[in-house]
Amino acid sequence: MRKWSLQTTIVILVCFVVILALLVTNLLVSQKIAGYAEGIQAEKAKNIARVVSRSPHVVEALTGQRDPSTIQDFANHILSGTDVQFVVVMDMEGLRKSHPDPEKIGEPFVGGDENRVLQGEEYTSVAQGTLGLSLRSFSPIFDPNGQQVGAVAVGITLAEVESAIAEGRMTVFLGIGLGGVVGLVGAWVLARRIRRILYGLEPTEIAKLLEERNVMLQSVREGVMAVNTDGVVTLVNEEAIRLFRQAGVEESVLGKHIQDLVPHSELLKVLVTGKARYDQEQHLRGVSVLVNSVPWLVNGVNVGAVATFRDMTEMKLMAEQLSGVKLYAEALRAQSHEFMNKMHVVLGMIHIGFYDKLKQYIQDITNNQQSEMGHVMSKIKDPVIAGFLLGKLAHARERGIDLTLMSDSFLPELNRSELTHEMITIAGNLLTNAFEAVEEQKERRVEILCLVEDGLLHIDVWDSGSGIPEEMKEQILEKGFSTKGEEDRGIGLFLVSRSVEQLGGRIKLESNRESGTRFTVEIPLVGDEVKE
């Protein structure tokens, strides 16, 4: 069985409520209108009866001062000017002195409800007479001395009373019908508007989306937080709560202003500018996080901002692992390629039969390999960095570049893995940049110096390239800037600059067309960061 849509449900519900309210209103108002209409008719009959009872013509005719026949003329005159059924004047014996049917004049009044008026009482009643069932108003007639000389009865047929009541009810029914139409249209408009607000989704679909959103928010490894236009936190997932607790924030962050939680938050900048900000490092009460912040747009209107962030410590551990894997893979690939080339030479010499020269060739290869490895290992005592430089040497030979580890180099083994990682980042990106600089040159030479002296770690990389233009030297370390002007470049030197800054060091650039480019990095060593 298919369930009703949200729009149909709203229309039916609103229409039901409107119709029920109108029916109850009709029940209450109809009774009031019926009583009101009947009261108006009774009041009209009573007023006419009083006018007739106080008329001098009627009083004088009943006291013998005027011809009694004038009562009929006067009653007909009143009858013709009003919407009543009859005006009957009677004497104290209950005999009619006037009647719409002249033949009934002189006959007793019919209905049995006239006795009280003959005793001087004024009242209204409903009774059956010669003209049918009618609403009657009785009023006594007194002479100037206060002596009752007769009575008058004014009647209105109940059909007229019912007609007045029906007319009032028709007005109510018309109002009910109009109200029902207005309610139906209003319900339809309301349902359409709610449907647009909900993007045409049904309640079950909304509930499913909410469940999926909650699962997605809690499953991601990044902290997720959203704020409204006032900067108040409206959404946060479990990972964000964990990072806040790690930073010492134990209370609930929902409903708090972002400024109270994270001073100078990137979210505040996004709220002001409406522009996304990516890969921004920020300190969360002592915890370093990498933040991506984007504006929260609804139909093109900025209604807040959303940030995703992750602990920098975790990211650095991942980067160390990835860097190590990449370096090892690069070294293996270069050495494998170099080994295959040498094997091709060996195979060719075997086919030709130059066995004596083959023996000498293999001895030369072995001596060169051992000499290179011995040179690096004698200068670089840290095995990770030594392996890294051996890989770079093989990679340089593959690209036809003469890479030299300067004889002045000497690097003891490092005690801190973070320093090792940062040094590989610095040296690796400087060498990659140098390789690219000499790629199109006739002389392809690159030199690297690694030295610990006077409490400073020195890393010096020189290349024989064409140099860096003077106007670009100020921008060369900025993220995304590249002398080649290509997209997705300009990252390596930016990473170098950031690593040097984190280690409290400094970087110096010397470059011109004649002497090439030299990057010099100096990093202060604190405590026992190197082994003696």
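Residues numbered from 1 in each chain as written. Predicted model: local features only at pLDDT ≥ 70, side-chain atom pairs only at ≥ 80, totals over all residues. Heavy atoms only, no water.

Counted according to the given criterion, the structure contains four cavities of 30 Å³ or more. In this structure, the largest cavity occupies an estimated 110 Å³ of space. What lines the largest cavity is a set of 14 residues, and nearest its centre among them are Val262, Ser265, Gln282, Val291 and Phe309. Residue assignment for the lining of the largest cavity shows that the elements contributing at least two residues are α8 (266-273), β7 (277-284), β8 (287-298) and β9 (301-311). Ranked by residue count, the leading element in the lining of the largest cavity is β8, at three residues. Taken together, the residues that form the lining of the largest cavity break down as 10 nonpolar, three polar and one charged. For the second largest cavity, the lining is made up of 13 residues, of which Phe86, His99, Gly129, Thr130 and Arg136 are closest to its centre. Of all the secondary-structure elements, those providing two or more residues to the lining of the second largest cavity are β1 (86-91) and β3 (132-142). Looking at the lining of the second largest cavity, the element that brings in the most residues is β3, giving three residues. (1 Å grid on protein atoms, 1.4 Å probe; cavity = no way out; pocket = protein on both sides within 12 Å on 5 of 7 lines; lining within 4 Å. Points joined across faces, edges and corners; volume = space filled by probe spheres on them. Helix = DSSP H or I, 4+ residues; strand = E, 2+ residues; numbered from the N terminus. Nonpolar A, V, L, I, M, F, W, Y, C, P; charged D, E, K, R; others polar.)

Moving on: the packing of helix α12 (residues 417-438) against helix α13 (residues 492-502). Angle between the axes and distance between the axes are the two parameters that describe a pair of packed helices. Following both chains from N to C, one finds α12 and α13 inclined at 150°, their axes separated by 9 Å at the closest point. Accordingly, the angle class assigned to the pair α12 and α13 is roughly antiparallel. Our pair here, α12 against α13, has a crossing hand that is left-handed. In contact with Glu422, Thr425, Ile426, Asn429, Leu430 and Asn433 of α12, α13 contributes Gly492, Leu493, Leu495, Val496, Ser499, Val500 and Gln502. Taken together, the residues of the contact of α12 with α13 sort by class into six nonpolar, six polar and one charged. (Axes fitted to C-alpha atoms, helices over the stretch in contact; angles between N-to-C directions. Parallel < 35°, antiparallel > 145°, perpendicular 65-115°, else oblique. Left-handed = near helix turned anticlockwise from the far one by under 90°. Contact = heavy atoms within 4.5 Å.)

Strand order in this open sheet of five strands is β6-β5-β9-β8-β7, and the pairing throughout is antiparallel. Strands with a single pairing partner mark the edges of an open sheet, and in this sheet they are β6 (233-236) and β7. Taking each pair of neighbouring strands and ignoring which way they run, the sheet shows an average axis angle of 30°. Across six bridges, the pairing between β7 and β8 is antiparallel. For His283, the partnering residue across the bridge sits in β8 and is Ser288. Across the sheet, α8 lies against β5 (223-228), β7, β8 and β9, angled at about 155° from β9, the strand it touches most. (Pairing = 2+ DSSP bridges.)

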